[in-house]
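One-letter residues, chain by chain:
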Amino acid sequence: MSAAREGGCACGAVRYRLTSDPLFTNCCHCLNCQRQTGSAFVINLLIEADRVELLAGAPQPVDVPRDDGSKQRIFRCPTCQVAVFSQYGRPEVRFVRGGTLDQPSGVAPDVHIFTRSKLSWITLPDSVPAFEVYYDIKALWPAASLERLEAIMAPANSDA
Ligand SMILES: [Zn+2]
Ligand SMILES: [Zn+2]
């Protein structure tokens, strides 16, 4: 997806560039994502936070309640309020919203999750793994992505 790695909000105040391919791309059909997007699902490119290079603007964090009582931090353009990425728990990983890429067709889901609440009129391809809820990333992610994840999750005080 090298040529398709830039994106931004609707008004152009926020522009970003992904400095590598994502770790993995989730298509989430959960009720939280449906409500947040006002649509059927969200396409999240999971990538290290330091690989999301901001070219313009400063996305503003908004804490949004989820059904389980937790909060999800969604980063929005301060001007047009379009959500460009979000963060669940760990700040080391960003979930970049695939539809904000300049070329959304440059990325396709590696997995479909929370299909238990998938809208019935959506038919998923047989070629992409799909799960009722979530999945074991160790079983599904490529080895290189698992290594990248391990690298950012390593304790900061470890010099080994
Ligand atoms: Zn904007
Ligand atoms: Zn979701």
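I will try to describe carefully the structure that is included in this document. (Residues numbered from 1 in each chain as written. Chains lettered and ligands numbered in written order. Predicted model: local features only at pLDDT ≥ 70, side-chain atom pairs only at ≥ 80, totals over all residues. Heavy atoms only, no water.)

Protein ligation of the zinc ion (ligand 2) involves Cys28 (SG), Cys30 (SG) and Cys33 (SG), the donor distances falling in the range 2.1 to 2.3 Å. Read in sequence order, the donor residues for the zinc ion (ligand 2) give the motif C-x1-C-x2-C. The two residues Cys28 and Cys30 agree in class, both being buried. (Donors = N, O, S within 2.8 Å, 3.2 Å for Na, K, Ca; no water. Buried < 20%, exposed > 50% of the residue type's maximum accessible area, 1.4 Å probe, protein only.)

Below, the discussion takes up the coordination of the zinc ion (ligand 1). For the zinc ion (ligand 1), the protein coordination sphere consists of Cys9 (SG), Cys11 (SG), Cys77 (SG) and Cys80 (SG), at 2.3 to 2.4 Å. For the zinc ion (ligand 1), the four donor atoms are set out with angles of 105 to 115° between them, so the coordination reads as tetrahedral. All donors of the zinc ion (ligand 1) belong to a single chain; written as a sequence motif, their spacing is C-x1-C-x65-C-x2-C. With a gap of 66 residues between them, Cys11 in the loop between strand S1 (6–8) and strand S2 (15–18) and Cys77 in the loop between strand S7 (71–76) and strand S8 (83–87) connect regions that are remote in the sequence. With relative accessibility at 0%, the residue Cys77 sits in the buried group. (Tetrahedral: all angles 85-135°; square planar, octahedral: opposite > 155°, others 65-115°. Helix = DSSP H or I, 4+ residues; strand = E, 2+ residues; numbered from the N terminus.)

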